[in-house]
Amino acid sequence: MNAVLPHLPALQVVIPLLGALLAGFLRRGGVAFALALAVSWIMPFISGAMLWQTLLTGPISYHLGGWEPPWGIEYRVDVLNGFVLVLVSIVGAVIMPFARRSVAFEIEEGRQAWFYCMYLLCLTGLLGITVTGDVFNAFVFLEISSLSSYVLIALGPDRRALLSAFQYLIMGTIGATFYVIGVGLLYLLTGSLNMVDIAARLDSAWPEYSRAIVAALAFVTVGVSLKLALFPLHAWLPNGYAYAPSWATVFLSATATKVAIYLLIRFYFSIFGVAIDVDTLPISEIIIALSVAAMFIASLIAVFEENLKRMLAYSSVAQIGYITLGIGLANQPGLTGGLVHIVNHALMKAALFLAIGAIFYRARTVRLTELAGIGRKMPLTMAAFTIAGFGLIGAPGTSGFISKWYLAIGAIDKDWWVLVFLIMASSLIALVYVGRVLEVVWLRKPTPEVARASDPPPSMLLPVLALASATIYLGFDTEWTVGVAGNAVEALLGGLR
Amino acid sequence: MSLDLILRVGTKLILPFILLFALYVQFHGDFGPGGGFQAGVITAGMVILLAITFGLKAAQRVAPRSLVERMIPLGALIFAGTGVVGLVMGKNYLDYSVFSRDPAHGHELGIFLVEAGVLITVAGTMTALFYAFVERGR
């Protein structure tokens with residue numbers, strides 16, 4: 001055991017990478033699924049052990065190839081990225097059993113191995129972005145996760161999947177380009193790619209090169225915001241999520257945008273925030289304005305959306321607004337709320353998209369008008385959908401309430417009462433779009449389309465139920481969300497100038 | 001058929017030398033311009049020339065689709081596996097000094113293996129891309 005423990009940061013990335021390559025090499029759907037399942041179930045133990053270690057003894061540093069940082073690539077795990085690693089790996093582990101039937105139903109036999117190969121590559125990329133302490137290494141992993149997610153989307157059963165994957169490819173490439181321009185500027189200024197080292201060196205460069213640093217900050221912000229689908233840069237997301245295979249939508253919605261948000265937090269609070277006085281720049285105001293716009297406009301679009309997957313995709317844009325709102329508030333309760341919402345939203349959106357995947361598996365449609373009365377045919381699935389839907393609204397007793405509560409306290413701390421009102425008002429719009437679905441599925445008479453539908457088999461039902469119960473559980477026990485996030489936020493805000 | 005005699009004979013003559021040049025670029029990468037990527041492209045170029053002159057079937061007898069598509073992950077597996085050797089020997093991931101008693105020599109050997117992986121992946125990817133375009137609409 002002692003031989004393995006020091007290598008956990010590398011294993012976190014290497015195991016899914018080897019899994020992906022083996023799945024691509026063996027080219028058999030069943031074998032690839034077994035590999036994906038095994039890898040997904042190992043990951044939470046590695047990330048959990050690392051989070052535990054960071055909580056007890058502080059950050060872990062791992063030098064790839066034995067080269068000392070800042071020259072070599074350093075993998076650096078502190079409470080913040082330990083928290084995100086645990087989230088990503090647990091989501092992967094919980095939803096993996098669902099994939100077997102859903103993927104077999106939606107993707108032709110010959111392509112299933114590629115699907116699992118791409119999922120494992122995407123997992124590699126997402127865990128890599130999170131675990132690395134090197135900004136260029138983060139770019140490489142960003143590209144690995146993005147390229148594989150384009151393929152995941154393009155494998156969708158609908159022909160429109162190809163077009164939406166292409167749209168995402170263009171937007172994602174622009175985002176990656178902006179990010180790497182920002183990184184290039186930072187490298188010019190500091191001669192370093194190591195996050196800790198850049199933060200230490202930017203300080204002395206600030207008086208002379210402040211405009212270059214602001215440009216770098218702007219490029220990184222726009223690049224990463226494209227990846228995380230911050231409001232006006234979200235155009236790729238609804239179609240991508242709507243036409244991807246059901247299971248890919250679940251995975252991407254719960255992890256990909258969340259990891260990009262982590263990267264933004266890392267840049268703001270561990271690199272720029274440490275080196276320069278960010279309060280002199282209007283970052284906070286811009287982020288808050290865009291977040292509020294996302295919360296309202298995306299929620300309003302969701303209200304009028306007929307396709308359930310697109311509706312939930314727009315809802316994701318709105319919910320990402322709450323998370324970035326926490327980044328904009330940048331105080332202890334606000335940022336804690338944002339971080340907690342990363343977890344809470346990931347789990348409830350995974351539950352919702354899984355439920356939609358189960359509906360598609362049984363009823364072959366995701367159009368709301370054709371799903372009248374499906375609640376009576378698939379009671380357990382729709383019960384889980386209802387619980388997670390209440391989580392989206394932020395009803396008390398669900399995890400969504402906890403995150404919004406902390407965000408509201410963060411706004412009150414700044415005496416921004418209007419913002420508190422806006423958080424409540426946008427939740428009411430969520431009530432409308434979730435309520436509209438609940439009315440149709442529970443209260444109307446079943447249509448002929450759904451007459452033969454029934455709850456899916458246990459391998460699909462259990463992940464949905466588990467995530468829905470997590471939505472309730474995390475609404476009461478907040479030790480592992482608010483507790484750990486608060487710990488991470490203290491470290492982040494403590495480092496600010 | 002008869003008009004492209006020079007092309008056919010010329011291609012047959014030149015093919016082994018293309019492969020030889022690819023290997024030269026591969027192994028000379030330590031001391032001059034070259035390396036796995038360039039060598040992989042040249043190797044794929046050989047298959048593409050074969051396909052253009054003698055037709056897709058002739059090329060796919062030499063490099064079948066299933067082989068080419070397996071070469072893509074195989075090369076990356078060699079790269080990643082080279083890193084894992086460091087882990088197994090008790091050093092950090094990607095630490096090539098474990099390959100030999102002399103660390104510098106170990107690094108050389110490690111990079112040699114990595115470059116071999118790059119050659120396989122790049123040659124496979126380029127050929128698979130070519131096949132994908134050629135087979136479109138068939």
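Fair warning: this is a prediction, and the values are worked out from it, not measured in the lab. (Residues numbered from 1 in each chain as written. Chains lettered and ligands numbered in written order. Predicted model: local features only at pLDDT ≥ 70, side-chain atom pairs only at ≥ 80, totals over all residues.)

Enquirer: Please provide a residue-by-residue account of the overall build of chain A, values included.
Expert: For chain A, the helix and strand inventory stands at 18 helices and two strands. Rg of the C-alpha trace for chain A: 21 Å, near the compact-globule value of 23 Å for 497 residues, within the 12% margin. Seen through its C-alpha atoms, chain A measures out along the principal axes to roughly 70 × 55 × 40 Å. Every one of the 497 residues in chain A was classed for burial, and the buried ones make up 62%. Considering only contacts within chain A whose residues lie at least 6 apart along the sequence, 80% involve residues at least 24 apart. (Helix = DSSP H or I, 4+ residues; strand = E, 2+ residues; numbered from the N terminus. Rg over C-alpha atoms; globule rule 2.2 N^0.38 Å. Buried ≥ 20, exposed ≤ 12 C-beta atoms within 10 Å, placed from the backbone. Contact = placed C-beta atoms within 7 Å.)

Enquirer: Please provide a residue-by-residue account of the overall build of chain B, values included.
Expert: Looking only at helices and strands, one finds five helices and zero strands in chain B. Beginning at the N terminus, the succession of helices and strands in chain B can be written as α-α-α-α-α. Relative to the globule expectation of 14 Å for 138 residues, the C-alpha radius of gyration of chain B, 18 Å, shows a markedly less compact shape. The burial tally for chain B puts 38% of its 138 residues in the buried class. Nonlocal contacts in chain B, meaning residues at least 24 apart in sequence, comprise 60% of its contacts between residues at least 6 apart.

Enquirer: Break down the nonpolar core for me, citing the residues and quoting the values.
Expert: Residues and elements named next belong to chain A. Judged by nonpolar contacts, the single largest core of 231 residues is most densely connected at Tyr 116, Ala 350, Ala 351, Leu 354 and Ala 355. Counting residues per element, this core draws most heavily on helix α9 (residues 246–275), which supplies 21 residues. Setting aside chain neighbours within four positions, we find Tyr 116 in contact with Ala 23, Ala 32, Phe 33, Leu 35 and Ala 36. (Core = buried A, V, L, I, M, F, W, Y, C linked by C-beta atoms within 7 Å.)

Enquirer: I'd love a proper account of the interface of chain A and chain B, names of residues and values included.
Expert: At the junction of the two partners, chain A supplies 14 residues and chain B supplies 17 residues. Where the side of chain A that touches chain B is concerned, the elements lending two or more residues are α1 (8–26) and β1 (60–63) of chain A. No other element matches the seven residues that α1 of chain A contributes to the side of chain A that touches chain B. Counted by class, the side of chain A that touches chain B contains nine nonpolar, five polar and no charged residues. (Nonpolar A, V, L, I, M, F, W, Y, C, P; charged D, E, K, R; others polar.)

Enquirer: Describe in detail the packing of helix α4 (residues 112–131) of chain A against helix α5 (residues 135–154) of chain A, supporting the description with residues and values.
Expert: Residue and element names in this part refer to chain A. With their axes 8 Å apart at the nearest point, α4 and α5 run at an angle of 150° to one another. Classified by the angle between their axes, α4 and α5 sit roughly antiparallel to one another. The handedness of the crossing between α4 and α5 comes out as left-handed. Of the residues in α5, those in contact with Met 118, Tyr 119, Leu 121, Cys 122, Thr 124, Gly 125, Leu 126, Gly 128 and Ile 129 of α4 are Ala 138, Phe 141, Leu 142, Ile 144, Ser 145, Ser 148, Ser 149, Val 151 and Leu 152. (Axes fitted to C-alpha atoms, helices over the stretch in contact; angles between N-to-C directions. Parallel < 35°, antiparallel > 145°, perpendicular 65-115°, else oblique. Left-handed = near helix turned anticlockwise from the far one by under 90°.)

Enquirer: Help me get a handle on the environment of Val 88 of chain B, residues and values and all.
Expert: Checked against the element boundaries, Val 88 of chain B lands in helix α4 (residues 65–88). With 46 residues separating them in the primary sequence, Val 88 of chain B and Ile 42 of chain B have C-alpha atoms 34 Å apart.

Enquirer: Now, about helix α6 (residues 160–190) of chain A: what can you tell me, with residues and values included?
Expert: Three- or four-residue spacings in an α-helix give side chains the same orientation, since the helix completes a turn every 3.6 residues. For α6 of chain A, with 31 residues, the first-to-last C-alpha span of 45 Å sits near the 45 Å given by 1.5 Å per residue. The first or second residue beyond α6 of chain A is Gly 191 of chain A, which carries a positive phi of 70°. (Expected span 1.5 Å × (residues − 1).)

Enquirer: Describe the environment of Pro 44 of chain A, listing the residues and the values that go with them.
Expert: Checked against the element boundaries, Pro 44 of chain A lands in helix α2 (residues 29–57). For Pro 44 of chain A, a count of 19 C-beta atoms within 10 Å puts it in the partly exposed group.

Enquirer: Go over unusual backbone geometry with me, naming the residues and quoting the values.
Expert: A cis geometry characterises the amide bond from Pro 69 of chain A onward to Pro 70 of chain A, with omega recorded as 5°. By the element assignment, Pro 70 of chain A lies in the loop between β1 and β2 (74–77). One non-glycine residue, Leu 94 of chain B, adopts positive backbone phi at about 70°. Counting through the fold element by element, Leu 94 of chain B comes out in the loop between α4 and α5 (103–134). For Leu 94 of chain B, a count of 24 C-beta atoms within 10 Å corresponds to the buried category.

Enquirer: Which residues make up the confidence of the model for chain B, and what values go with them?
Expert: Averaged over every residue, the pLDDT of chain B is 91; the share at 70 or more is 96%. As a predicted assembly, this complex carries a pTM of 0.95 together with an ipTM value of 0.93. (pLDDT = per-residue confidence, 0-100.)

Enquirer: How would you explain the pairing of β2 of chain A if you had to name every residue and give the values?
Expert: All names here are of chain A. Of the two faces of β2, the one carrying Glu 74 and Arg 76 and the one carrying Tyr 75 and Val 77 are both buried. Pairing of β1 with β2, which is carried by four bridges, proceeds in the antiparallel orientation. Bridged to Ile 60 within β2 is Val 77. (Pairing = 2+ DSSP bridges.)

Enquirer: Quick rundown of the packing of helix α12 (residues 332–363) of chain A against helix α17 (residues 458–476) of chain A? Include the residues and the values.
Expert: Residue and element names in this part refer to chain A. Between α12 and α17, whose axes approach to 9 Å, the crossing angle comes to 150°. Taken together, the axes of α12 and α17 lie roughly antiparallel to each other. Handedness of the crossing formed by α12 with α17: left-handed. Here α12 contributes Asn 344, Leu 347, Met 348, Ala 350, Ala 351, Leu 354, Ala 355, Ala 358 and Tyr 361 to the contact with α17, which in turn contributes Met 460, Pro 463, Val 464, Leu 467, Ala 468, Ala 470, Thr 471 and Leu 474.

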